[in-house]
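Residue-level listing of the chains:
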Amino acid sequence: MEYDLLVREAEVQDASVLIALLDQIGQESSFTSLDENGIAMTASEMQHFIDKQAQSDNQITLLAFLNDELAGVINITADQRPRVRHIGDVFLGIKKAYWGNGLGSILMEEAIEWAKSSGSIRRLQLTVQKRNLAAVHLYKKMGFIIEGLQERGACIEGGEFLDVYQMGRLIDK
Ligand code: ACO
């Protein structure tokens, strides 16, 4: 099947589909901090979040639509305090049905290009479970390096502790 891909910044009217996507990501794997309870935000809380991000020069949410279906999201959040407002924290998630088709890479490329042109972001950082091999591979491919290891950085169902990498990438024009 042919897919039309659209990547664009989130708008307030995307709040409900974005919540549904994040809830689905939480249910489809244990690779993120989202669990079966999902994002646990109301539509109006998500609208407020999207609106704040849209008004900020150092934060963004990019959505990937395949044939008008929301299939993935990359989010960069940042503190507004002057000493750390150049640091963007990254979250990336794709619907399981579309894993392995290059969507995560496309969203990360777009996010890096946005960061380069933002005029404010000079570092991207993230945490990722060490066992999440596809994600670690993708981040290394996109120029992130492993800066540290958090032992017991996550705890999944059944009480199993997991190692988590801290990864970072400097942003220069
Ligand atoms: N070992 C090593 N590399 C692998 C493996 C593996 N077992 N499986 C797949 N890969 C590679 C693929 O070959 C591909 O690399 P390539 O482009 O060099 O061929 C890469 O991993 C995957 O690239 P994409 O297809 O662009 O990525 P995808 O669209 O599948 O998205 C993602 C990857 C975001 C990790 C997706 O699987 C997902 O959403 N998983 C669930 C949520 C999640 O884990 N999110 C990341 C949490 S960490 C964070 O948000 C900072």
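Below, the structure is looked at part by part.

What counts and how
Residues numbered from 1 in each chain as written. Predicted model: local features only at pLDDT ≥ 70, side-chain atom pairs only at ≥ 80, totals over all residues. Heavy atoms only, no water. Near = heavy atom within 4 Å. Polar contact = N/O pair within 3.5 Å; in protein donor to acceptor, adjacent residues only side chain to side chain. Areas by Shrake-Rupley, 256 points an atom, 1.4 Å probe, with all protein chains shown as cover. Helix = DSSP H or I, 4+ residues; strand = E, 2+ residues; numbered from the N terminus. Pairing = 2+ DSSP bridges. Axes fitted to C-alpha atoms, helices over the stretch in contact; angles between N-to-C directions. Expected span 1.5 Å × (residues − 1). Buried < 20%, exposed > 50% of the residue type's maximum accessible area, 1.4 Å probe, protein only. Core = buried A, V, L, I, M, F, W, Y, C linked by side-chain atoms within 4.5 Å. Contact = heavy atoms within 4.5 Å.

## Regarding the site of the ligand
And step 1. In the vicinity of the ligand lie 26 residues, with Ile94, Gly100, Ser105, His137 and Lys141 positioned nearest.
And step 2. Here Leu103 contributes a backbone N or O atom positioned 3.5 Å from an oxygen atom of the ligand.
And step 3. Between His137 and the ligand, the recorded distance is 2.7 Å, taken from a side-chain N or O atom to an oxygen atom.
And step 4. Out of a free accessible area of 1000 Å², the ligand has 74% covered by protein chains.
And step 5. For the shell around the ligand, the secondary-structure elements that each account for two or more residues are strand 4 (87–94), helix 3 (103–118), strand 5 (123–129) and helix 4 (133–141).
And step 6. When residues in the shell around the ligand are grouped by element, the largest group, 7 residues, is from helix 4.

## Examining the sheet that holds strand 6 (residues 145–156)
And step 1. Taken together, 7 strands build an open sheet; the order of strands is 1-2-3-4-5-7-6 and the sheet is mixed. If you trace the sheet from one side to the other, it starts and ends with strand 1 (5–9) and strand 6, each paired once. Mean inter-strand twist for the sheet, computed between neighbouring axes without regard to direction, equals 25°.
And step 2. The pairing of strand 2 (residues 60–66) with strand 3 (residues 69–77) spans 7 bridges and is antiparallel. By the bridge assignment for strand 3, Leu63 is matched with Val73.

## Focus: helix 3
And step 1. An ideal rise of 1.5 Å per residue puts 22 Å on 16 residues; helix 3 measures up with 22 Å between its terminal C-alpha atoms.
And step 2. Along helix 3, the positions that sit buried rather than exposed are Leu103, Gly104, Ser105, Leu107, Met108, Ala111, Ile112, Trp114, Ala115 and Ser118.
And step 3. In the stretch just after helix 3, Gly119 is the one whose phi turns positive, near 80°.

## Some remarks on the nonpolar core
And step 1. The biggest cluster of nonpolar side chains holds 32 residues, and the ones touching the most others in it are Ile74, Met108, Leu124, Leu126, Val128, Tyr139 and Phe144.
And step 2. Listing elements by their share of this core, those giving two or more residues are strand 2, strand 3, strand 4, helix 3, strand 5, helix 4 and strand 7 (160–170).
And step 3. Broken down by element, this core gets its largest block of residues, 7 residues, from helix 3.
And step 4. Among all residues touching Leu124, those that are not within four sequence positions of it are Ile76, Gly88, Val90, Ile112, Ala115, Phe144, Met167, Gly168, Arg169 and Ile171.
And step 5. Counting 14 residues, the second largest nonpolar core, distinct from the first, contains Leu18, Leu21, Ile50 and Leu70.

## Looking at the pairing of strand 7
And step 1. One ladder, built from 7 bridges, connects strand 5 with strand 7; its direction is antiparallel. The partner of Leu126 across the bridge, within strand 7, is Met167.
And step 2. In this structure, strand 6 lies alongside strand 7, joined through 8 bridges in antiparallel fashion. Bridge pairing in strand 7 links Ile145 to Gly168.
And step 3. Hairpin connection between strand 6 and strand 7: a loop of 3 residues separates the two successive antiparallel strands, and Gly158 in this loop has a positive phi of roughly 90°.

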